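The chain contents come next:
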Amino acid sequence: MEIRIFRHILPALLLLGAAAFATVSCNPAQSGDEPDGPEIIDEPEENTDFLVKDGIMSEEVLCNYLSRAMSHASFCASKITGGKYSGINDDERMVLNVGAKFIGRALGVWGTEQYFKSSYQIYFDYAKEKIDRMHSKDPDIIFQAAIFEIVSTRVNDIPIPAWVFEAFGKPAEERNFDYNGIMNRNHVYEGQWGDNTCVPDMSREEAQMWFYYCARRYIDAGFEAIHCGQVNLMASMGDAAAGYPGFRKLFGLIRTYAKEHARRGFVLLDAHTDGIVVDGTSLLDYAAYPLRLVQVRDGSMGDWKYPAKLQIGYSDSIEGRTPACKTPMGWSTERLPYFVEFDNYGTTDKPGQYSADGYHVWGFDEISWFANCEEEYQKEFIRYAVNWFKENDPMGHLEMPGLRLAVGAFNPDHDPYRCNNTSEACPNGRGLEDTIKELFEND
C-alpha cells in the first residue's frame, strides 16, 4: 500500500475564527428573528457550468465551483445561535448579486455541541429554511458545513441515534456519545483548545461515529459540502500510521449516505491539508489551506501599509504542491484542485509589525491582516491573487472573504469582517462586493 502524507498545519495555532460558532445564549428560543429573504423574481435556468449528473461533477465543474467560492462563516446560523456572527438578510442579497456558487463554513460548532440537542432543533431548522430559500433563487449554490478538530465534554449530553450504530454494524444502545471514547487513550491533545476539550482521535470508533453523526445531520439540512478541519492532526494519533482506516471508513459512510439522501446525491469533503492519497486515490474531493502570504518590504507591491504577495514554496504553503491522484468522484487529475482562504488564528503580540514565523502577516492572522489593510488595497489584492493563480497555478483558487472573524486596532469589539457594500441593511459592510462580482463574472 502506497501512502502519501502531506504536511500538518501547526496544531498549536488556535483557530479563533471558530469562535464565530460559539454560543451566545445558553437558552434555546423560537425562530423568527429574521424577516423573509429577497423576493424570487425568475425561475433560474439549468447552468451547465455547474452541472452535476448522477451525483458526479467533472473536474471542470468542480474547479468552476472553487473559482466562485466565498468563505462566509455562519451564513446559515440564526442570531439565537450565532449572535453577531450569524447571517443577515443582506448577506443573501450579496451572495446572489456577486454570483457566488460555493458558500464555505456556512454552519459549524466549535465546542458548542449543545446545538445538536433536540432542544436546539432551531439550529438545523433555520439552516434548512435558509438553504431552501437560497436554492429557490439559485439551485446551483453549494453550502458547506464544518466539523472541526475539536470535541468538548458537552458531547456527553448528545444521545446516539440507532442509525449511527446501524451504520457501524453495531447493535443499538440507549446511550450518549462518550467524550473519553473520542479522545486519545493516552490523553494526547487533551485540553488542546481549552479546558474540557480535546482533538478527536480518528483511530477510535467513537470519534468516527461522532463525525458521521454530525455529517448526516448537516446533509439532512441541505448541505452539500463539509469541511473536516485539521485531518492530519486527528490522524496523527494512530490513524495515519495505519493507512487511515478510520478516515477511510468514515468518509466512505458519509458518501454512501449522501449518495442516497443528499440533495443532488453527493457531498464534497475537504480539509486543511495539501492532500491525503492512499493507493493512488485521494481521501478528499479537493484541498483547502490558508493563504500563507509573504510580507513585502521592498516597495514592489506598492506604497501600501501592509503589502504582501503569494509565492510558491513559502512556509508550508499549498500553492503548487497538491498531488496527482484519482478523486472520489472517479476521475483522475495531475493535480488535486484546491482553494486558499483568509484563515484566522489570532495575532502576535506585535500586530502591525513584520512577523518572521511564516504564518502571520505583519503580525496578524490572514483575515485580520486583510481587514486592517486600506480598502482600496483589499480590492487590489484580491484582483492580484485571482490573476496570480491563473498565471502560476491554475489548479488553485482564491476563496473570497465574505464573513469571517477579524481582530485588530480597527475592530476592538471583534466584529466580523463583512464584504458587503455599506448600506442601511449592512452598516458595517466593507465595500468589497462589487469587486468580487467583477472577478466572478470575468473568471
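Each chain carries its own residue numbering, running from 1 in the direction its sequence is written. Predicted model: local features are reported for residues with pLDDT of at least 70 only, side-chain atom pairs are reported and counted for 80 or more only, and whole-chain, interface and lining totals are derived from all residues. The side-chain quantities take in all heavy atoms of the structure and omit both hydrogens and water.

A. Broad picture of the sheet that holds strand β2 (residues 69–72). Paired strands, in this sense, are two strands between which DSSP finds at least two bridges. A run of H or I in DSSP counts as a helix once it spans at least four residues, and a run of E counts as a strand once it spans at least two, with each numbered from the N terminus. Read across the open sheet, the 7 strands follow the order β8-β7-β4-β3-β2-β18-β19; overall the sheet is mixed. Each of the sheet's edge strands pairs with one partner strand only, and the pair in question is β8 (268–270) and β19 (416–418). When the angles between neighbouring strand axes are averaged without regard to direction, this sheet yields 25 degrees. One ladder, built from 3 bridges, connects β2 with strand β18 (residues 400–405); its direction is parallel. Lines fitted to C-alpha atoms define the axes here, with helix axes fitted over just the stretch in contact, and angles between the N-to-C directions of these axes take values from 0 to 180 degrees.

B. Seen up close, the environment of Asn156. Counting through the fold element by element, Asn156 comes out in the loop between β5 (151–152) and α5 (162–167). Residue classification places Asn156 among the partly exposed residues on the basis of a relative accessible area of 30%. Linking Asn156 and Gln114, residues 42 residues apart in sequence, is a C-alpha distance of 9.5 Å. In what follows, residue pairs with any heavy atoms lying within 4.5 Å of each other are defined as contacts. Leaving out residues up to four positions away in the same chain, Asn156 has contacts with Asn176, Phe177, Asp178 and Tyr179. Only protein chains enter the calculation, and the probe is 1.4 Å; a residue is then buried if its accessible area is under 20% of its type maximum, exposed if over 50%, and partly exposed in between.

C. Representation of the pairing of strand β16 (residues 338–341) within the structure. Burial along β16 is two-sided: the face carrying Tyr338 and Val340 and the face carrying Phe339 and Glu341 are both buried. Where strand β11 (residues 287–290) and β16 come together, 4 bridges link them in parallel fashion. Pairing of Tyr289 across the sheet is with Val340, part of β16. Strand direction decides the pairing type here: β16 and strand β17 (residues 396–398), joined by 3 bridges, are parallel. Its bridge partner lying in β17, Tyr338 is registered against Gly396.

D. Structural detail: the sheet that holds β11. Sheet architecture is open: 3 strands sit in the order β11-β16-β17, paired in parallel fashion. Bordering the open sheet on either side are β11 and β17, each of which pairs with just one other strand. Within the sheet, the average angular offset between the axes of one strand and its neighbour, ignoring direction, is 30 degrees. Sitting on the sheet, helix α11 (residues 375–392) is in contact with β16 and β17, with an inclination near 170 degrees to β17.

E. Focus on empty space enclosed by the protein. For each structure, a 1 Å grid was placed over the protein atoms alone; sets of points admitting a 1.4 Å probe that cannot get out are labelled cavities, open sets with protein on both sides within 12 Å along at least five of seven lines are labelled pockets, and lining residues have an atom within 4 Å of a point. Grid points are joined across faces, edges and corners, and a volume is the space filled by probe spheres set on the points. Enumeration over the complete set of coordinates arrives at 7 cavities of 30 Å³ or more. When its volume is computed, the largest cavity comes out at roughly 70 Å³. If you trace the largest cavity, you find it lined by Val109, Trp110, Gly111, Glu113, Phe116, Ala146, Ile147, Phe148, Ile150, Trp210, Cys214 and Tyr218. Per-element tally for the lining of the largest cavity: the top contributor is helix α7 (residues 205–220), with 3 residues. Its residues placed into classes, the lining of the largest cavity shows 10 nonpolar, 1 polar and 1 charged. Three residue categories are used. Nonpolar comprises Ala, Val, Leu, Ile, Met, Phe, Trp, Tyr, Cys and Pro, charged comprises Asp, Glu, Lys and Arg, and polar comprises the others, including Gly.

F. Region of the structure containing the packing of α7 against helix α9 (residues 245–261). Where α7 contacts α9, the axes come no closer than 10 Å and their chain directions differ by 25 degrees. Classed by the angle they form, the pair α7 and α9 counts as roughly parallel. The way α7 lies across α9 gives a crossing that is right-handed. Of the residues in α9, those touching α7 at Glu205, Gln208, Phe211, Tyr212, Ala215, Arg216, Ile219 and Asp220 are Gly246, Lys249, Leu250, Leu253, Ile254, Tyr257, Ala258 and His261. Looking at side-chain class alone, the contact of α7 with α9 contains 9 nonpolar, 3 polar and 4 charged residues. Orientation labels follow simple angle bins: below 35 degrees gives roughly parallel, above 145 gives roughly antiparallel, 65 to 115 gives roughly perpendicular, and whatever is left gives oblique. Two helices that cross are described as forming a left-handed crossing if the nearer one is turned anticlockwise from the farther one by less than a right angle, and a right-handed crossing if clockwise.

G. Geometry of helix α1 (residues 59–66). The buried fraction of α1 is high, at 6 of 8 residues. When we look at burial in α1, the residues that qualify are Val61, Leu62, Cys63, Asn64, Tyr65 and Leu66. Contact partners of the buried residues in α1: β2, β3 (102–109), β4 (142–147), β8, β16 and β17.

H. Seen up close, the packing of helix α3 (residues 89–98) against helix α12 (residues 433–441). Two numbers describe how α3 lies on α12: the axes approach to 8 Å, and their chain directions differ by 35 degrees. Packed against α3, whose contacting residues are Arg93, Met94, Asn97 and Val98, the element α12 presents Glu433, Ile436, Lys437 and Phe440 at the interface. Across the contact of α3 with α12, the residue classes break down as 4 nonpolar, 1 polar and 3 charged.

I. Spotlight on α7. With 16 residues, α7 extends 22 Å between its outermost C-alpha atoms, agreeing within 8% with the 22 Å of an ideal straight helix rising 1.5 Å per residue. Most of α7 sits inside the fold, with 14 of its 16 residues counted as buried. To estimate the expected span of a helix, subtract one from its residue number and multiply by 1.5 Å.

J. How the structure looks around the side chain of Asp393. With respect to the element layout, Asp393 can be found in the loop between α11 and β17. Among the residues examined, Asp393 registers a relative accessible area of 2% and is labelled buried. Reaching out from Asp393, the side chain makes a polar contact with the backbone nitrogen of Gly320 at a distance of 2.7 Å. Of the polar contacts made by the side chain of Asp393, one reaches the side chain of Arg335; its length is 3.0 Å. Residues contacting Asp393, with those up to four places away along its chain left out, are Glu319, Gly320, Arg335, Tyr338 and Trp388. Pairs of N or O atoms are called polar contacts if they sit within 3.5 Å, as long as, within protein, a hydrogen donor faces a hydrogen acceptor (for residues adjacent in sequence, only side-chain-to-side-chain pairs).

K. Summary view of the layout of surface pockets. Estimates place the volume of the largest pocket at around 290 Å³. Lining the largest pocket we find 19 residues, and of these Asn47, Phe50, Arg68, Gly99 and Lys101 sit closest to its centre. If one sorts the elements of the lining of the largest pocket by residue count, α3 sits on top with 4 residues. Classifying every residue of the lining of the largest pocket gives 6 nonpolar, 5 polar and 8 charged. Around the second largest pocket, the lining residues are Ser67, Val386, Phe389, Lys390, Pro394, Gly396, His397, Leu398, Met400, Leu439, Phe440 and Asp443. Among the secondary structure elements, those contributing two or more residues to the lining of the second largest pocket are α11, β17 and α12.

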